[in-house]
Amino acid sequence: MKRALGPALKILALRMPAFTIPALAIPALLFAGTMRAADAPVVVTSIKPIHSLVSAIMQGVGEPELIVDGAASPHTYNLKPSNARALQEAKVIFWVGPGLEAFLEKPLQALGRNASIAELDNAPGLVKLPFREGGAFEPHDDAPEHESASGQHESASAAPEHEHDHAEADHDHGAFDTHLWLDPMNAKAMATMITTTLVAADPANALTYQGNAKALDDRLDALDTEIKGIVAPVKGKPFIVFHDAYQYFEHRYGIRVAGSITVSPETIPGAERVSEIHRKAGELGATCVFAEPQFEPRLVNVVIEGTRAKSGVLDPEAATLKAGSDLYFTLMRGIADSMKDCLSSA
């Protein structure tokens, strides 16, 4: 009898784990997942490109919240009640700064008192470029030089101090262009500040943040090399953009932006301005004029009328992209591919 029962008991013993262990493990796994979500700090980000970088660094810990979602633009955004609640509950808040998200400056002072607020335009190591205004966005005569004799950009430490004056609905928010993320090397500098801020606010997850940051840094280096290859064939061809958001991309990759339809996207250009850019497009032989998803494409058609230029679309703030950790890479590749496609066919 013992000999008969022995093999049967062994078979039951082998079979039992396949059925009982997963069932017993389910509550424990659910509890662990709940604990992870509960332990994650509440992190709020302003715009999609910043949300993407923060999401990549927070993978395995939590998901940051996003304020300017969908096709909205930080240039024209109005804070929603749900955004206000998120700011009030946040432990960490990331934004570029008042030069870009002017709508956030006062709410952060009122609602973000309990949060660690990281203004990423102060990240060490950023390259900062002065705004180009007037004419086809020629720099002011008294604008500070931002290239050395070697052609290298000056670092953030050498950039002029910026002022926080937002009374005017234009780009006079300081001495530099705030579309900083359009250079992957600036994205790397911001990612370093993001990591430092998260580690300080949530030291229990420091190793995860630091490991994710290293992986992100490597991906940004690879992206930089990839984009150089994409735009290399069209570097010498001039083009015109809707507003002057691309000079970090331009300076990083040596492409040739000839002008912008409007200096500031908040301001609809008048007939004289459009006529001036139309003339500029003809004089320079601009091969493409690029619209943006959030703004009036009819103006682009006016500018290219009677010229040999073609129209395209660039999306510097990721209005048409789904938020997430991969968005930054999709955004940058999309800009490079749009430039190459339009300029190659012109």
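In this text, all values refer to a predicted model and were calculated from it rather than measured experimentally. (Residues numbered from 1 in each chain as written. Predicted model: local features only at pLDDT ≥ 70, side-chain atom pairs only at ≥ 80, totals over all residues. Heavy atoms only, no water.)

Student: How would you explain the pairing of strand S4 (residues 116–119) if you had to name every residue and give the values?
Tutor: The two faces of the sheet receive side chains in turn, since in a regular strand these alternate between them. For strand S3 (residues 92–95) and S4, the ladder comprises four bridges, and the chain directions are parallel. Looking across to S4, one finds that Trp-95 is bridged to Glu-119. Running through helix H4 (residues 105–111), the crossover from S3 to the neighbouring parallel element S4 is right-handed. (Pairing = 2+ DSSP bridges. Helix = DSSP H or I, 4+ residues; strand = E, 2+ residues; numbered from the N terminus. Right-handed = clockwise from strand over helix to strand, strands pointing away.)

Student: Outline empty space enclosed by the protein, listing residues and values.
Tutor: Scanning the model with the defined rule gives two cavities of 30 Å³ or more in all. In this structure, the second largest cavity spans a volume of roughly 40 Å³. Looking at the second largest cavity, the residues that line it are Ile-47, Lys-48, Val-68, Gly-70, Ala-72, Pro-74, Glu-317, Ala-318 and Ala-319. For the lining of the second largest cavity, the per-class residue count stands at six nonpolar, one polar and two charged. (1 Å grid on protein atoms, 1.4 Å probe; cavity = no way out; pocket = protein on both sides within 12 Å on 5 of 7 lines; lining within 4 Å. Points joined across faces, edges and corners; volume = space filled by probe spheres on them. Nonpolar A, V, L, I, M, F, W, Y, C, P; charged D, E, K, R; others polar.)

Student: Provide a residue-level description of the packing of helix H5 (residues 184–201) against helix H6 (residues 206–231), including the pertinent values.
Tutor: Helix-helix packing is characterised by the crossing angle of the two axes and by the distance between the axes. Running from N to C, H5 and H6 point in directions that differ by 180°, and their axes come no closer than 10 Å. The pairing of H5 with H6 is recorded here as roughly antiparallel in orientation. From H5, Pro-184, Met-185, Ala-187, Lys-188, Ala-191, Thr-195, Leu-198 and Val-199 reach across to H6, where they touch Ala-206, Tyr-209, Gln-210, Ala-213, Leu-216, Asp-217, Leu-220, Asp-221, Leu-223 and Asp-224. By residue class, the composition of the contact of H5 with H6 is twelve nonpolar, two polar and four charged. (Axes fitted to C-alpha atoms, helices over the stretch in contact; angles between N-to-C directions. Parallel < 35°, antiparallel > 145°, perpendicular 65-115°, else oblique. Contact = heavy atoms within 4.5 Å.)

Student: Describe the sheet that holds strand S5 (residues 238–243), naming the residues involved and giving the relevant values.
Tutor: The four strands are arranged S6-S5-S7-S8 in an open sheet whose pairing can be described as parallel. Of all strands in the sheet, those with a lone pairing partner are strand S6 (256–262) and strand S8 (310–313), marking the two edges. Neighbour-to-neighbour, the strand axes of the sheet open up by a mean angle of 30°, direction not taken into account. Its contacts with the sheet place helix H8 (residues 271–284) against S5 and S6, and it is angled at close to 160° to S6.

Student: Break down the environment of Pro-238 for me, citing the residues and quoting the values.
Tutor: Turning to its location among the elements, Pro-238 is positioned in strand S5. As for Pro-238 and Thr-287, which are separated by 49 residues in sequence, their C-alpha atoms are 6.2 Å apart. When sequence neighbours within four positions are dropped, the list of residues in contact with Pro-238 reads Arg-256, Ala-258, Leu-284, Gly-285, Ala-286, Thr-287, Cys-288 and Leu-343.

Student: Mind laying out the side chain of Ser-52, listing which residues take part and the relevant values?
Tutor: Relative to the helices and strands, Ser-52 is located in helix H2 (residues 48–58). Of the polar contacts made by the side chain of Ser-52, one reaches the backbone nitrogen of Leu-327; its length is 3.4 Å. For Ser-52, the side chain forms a polar contact with the main-chain nitrogen of Tyr-328, separated by 3.0 Å. Setting aside anything within four residues of it in sequence, one finds Ser-52 in contact with Gly-324, Ser-325, Asp-326, Leu-327 and Tyr-328. (Polar contact = N/O pair within 3.5 Å; in protein donor to acceptor, adjacent residues only side chain to side chain.)

Student: So, the nonpolar core: which residues are in play, and what are the values?
Tutor: Phe-94, Trp-181, Phe-239, Phe-249, Tyr-328 and Met-339 are the most contacted members of the largest nonpolar core, which has 76 residues in total. With ten residues, the top contributor of residues to this core is helix H10 (residues 327–345). Residues within four places of Phe-239 in sequence aside, it is in contact with Ile-255, Arg-256, Val-257, Ala-258, Gly-259, Ala-286, Cys-288, Phe-290, Met-339 and Leu-343. The next biggest cluster of nonpolar side chains, apart from the first, holds 16 residues, and it includes Ala-258, Ile-261, Val-289 and Val-300. (Core = buried A, V, L, I, M, F, W, Y, C linked by side-chain atoms within 4.5 Å. Buried < 20%, exposed > 50% of the residue type's maximum accessible area, 1.4 Å probe, protein only.)

Student: Help me get a handle on the packing of aromatic side chains, residues and values and all.
Tutor: Tallying each qualifying case throughout the model produces four aromatic pairs. Here Tyr-328 and Phe-329 contribute two aromatic rings whose centre-to-centre distance is 5.9 Å and whose plane-to-plane angle is 90°, an arrangement assigned as edge-to-face. Given the relative accessible area of 1%, Phe-329 is considered buried. In this structure, Lys-128 is placed above the aromatic ring of Phe-176, and the distance from its NZ or CZ to the ring centre is 4.4 Å. (Phe/Tyr/Trp six-rings, centres within 6.5 Å; stacked < 30°, edge-to-face > 60°. Lys NZ or Arg CZ within 6 Å of the ring centre and 35° of its normal.)

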